[in-house]
Amino acid sequence: MVPWNGIENLIKIDINTLARMVKKMSELITYESNERIALITINRPEKMNALSNDLVAALRDAFIQYRDSDDQCAVLTSSGDKAFSVGADIKDPPTDPDLWECMPGVGVIIDKPVIAAVAGYCVGGAYCLVQFCDLAIAAENADFFYPEAQMGFCGGLIASTAARLPHKIAMEFMLTGRHFDAQRAYEVGMVNEVVPEGQQVEAAMKHARILANSAPLVVGMIKRFVRDSVTPKGPSELHALARKELLAIRRSDDQREGGTAFRAVSYTHLTLPTNREV
């Protein structure tokens, strides 16, 4: 038998490890609120802000926090100047939750505006994050590209790029893996504005202040009209929206309580045949 002091030490180790994990997860995304504007920051610069499983979960939770808060606009940015994000972390890919669960307007339905402030590389699934935002500001060093067709894997969310950009431009971006620098991104409509490196967040804040002081009912109505009735959705986006409803049921108290009650009733009335002739 393991002596009690040995068990106690194991418990302490587990608790300390858990505390470090919680702290690490909370630091992957930071959320700051000021004057009804939320600043949501992807904070994993040592890994080029790659979207790991824990980071996607934390980003999803940050968007839920924004949705349920009194903040009226959010700016999404990242730490460091090398990369907004290099997309899904290949060594720790988001699977629970899936990547779509942190996408504004897909995984988290938000009737308030979100502005992306992008510097450095914006790759793959990270570009999907930007395209699901309402506005986007790019630093001069921003570099957008989607290499999935060359790498051999794809989640499909990128398809709705063709609903947001001219068809030939969207196909070039999605299929060829070519880099779109900040100026090209501005010219084709990926971003609203290009600013000197380091000024992207402040430029986004200028838009955010206007939106935070606008009529929230009107802003929300326009977002819903555009999202639900005007902008076409790709197959993966439609699947994600349906999956979101199913996951809400699976993760609900209703299912847990209902399942427990059903099993209790079933076992109570269950009778097994005896001496059954074959």
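Okay, so let's go over this structure. (Residues numbered from 1 in each chain as written. Predicted model: local features only at pLDDT ≥ 70, side-chain atom pairs only at ≥ 80, totals over all residues. Heavy atoms only, no water.)

### Brief notes about the pairing of strand E2 (residues 37-42)
The side chains of a regular strand alternate between the sheet's two faces.
Argument step 1. Judged by how many residues are buried, E2 sits mostly within the fold: six of six residues are covered.
Argument step 2. Taking every second residue as pointing to the same face, both faces of E2 are buried, with Ile37, Leu39 and Thr41 on one and Ala38, Ile40 and Ile42 on the other.
Argument step 3. Bridge analysis of strand E1 (residues 29-34) against E2 gives six bridges, and the strand direction is antiparallel. When the sheet's bridge partners are listed, isoleucine 29 is paired in E2 with isoleucine 42.
Argument step 4. Hairpin remark: E1 followed by E2, antiparallel, with two residues in the connecting loop; positive phi at glutamate 35, about 55°.
Argument step 5. Here E2 runs beside strand E3 (residues 73-78); their pairing, made up of six bridges, is parallel. What sits directly across from threonine 41, in E3, is threonine 77.
Argument step 6. Handedness of the E2-helix H2 (residues 53-68)-E3 crossover: right-handed. (Buried < 20%, exposed > 50% of the residue type's maximum accessible area, 1.4 Å probe, protein only. Helix = DSSP H or I, 4+ residues; strand = E, 2+ residues; numbered from the N terminus. Pairing = 2+ DSSP bridges. Right-handed = clockwise from strand over helix to strand, strands pointing away.)

### Quick look at the sheet that holds strand E10 (residues 193-195)
Argument step 1. Across the sheet, which stays open at both edges, the six strands sit in the order E1-E2-E3-E5-E7-E10 with mixed pairing between neighbours. The open sheet has two edge strands, E1 and E10, and neither has a second partner. Each strand axis lies, on average, 20° off the axis of its neighbour in the sheet, ignoring direction.
Argument step 2. Judged from the three bridges that link them, E3 and strand E5 (residues 114-118) form a sheet pairing that is parallel. Residue valine 75 lies in a different strand from E5, and its bridge partner there is isoleucine 115.
Argument step 3. Helix-sheet contacts for H2 involve E1, E2, E3 and E5, and the interaxial angle to E1 is about 15°. (Axes fitted to C-alpha atoms, helices over the stretch in contact; angles between N-to-C directions. Contact = heavy atoms within 4.5 Å.)

### Quick look at helix H5 (residues 167-176)
Argument step 1. Those residues of H5 that sit buried are Ile169, Ala170, Glu172, Phe173 and Met174.
Argument step 2. Residues of H5 that are buried make contact with helix H3 (125-131), strand E8 (143-145), helix H4 (148-151), strand E9 (180-181) and helix H6 (182-188).
Argument step 3. Downstream of H5 by one or two residues, glycine 177 has phi in the positive range, about 70°.

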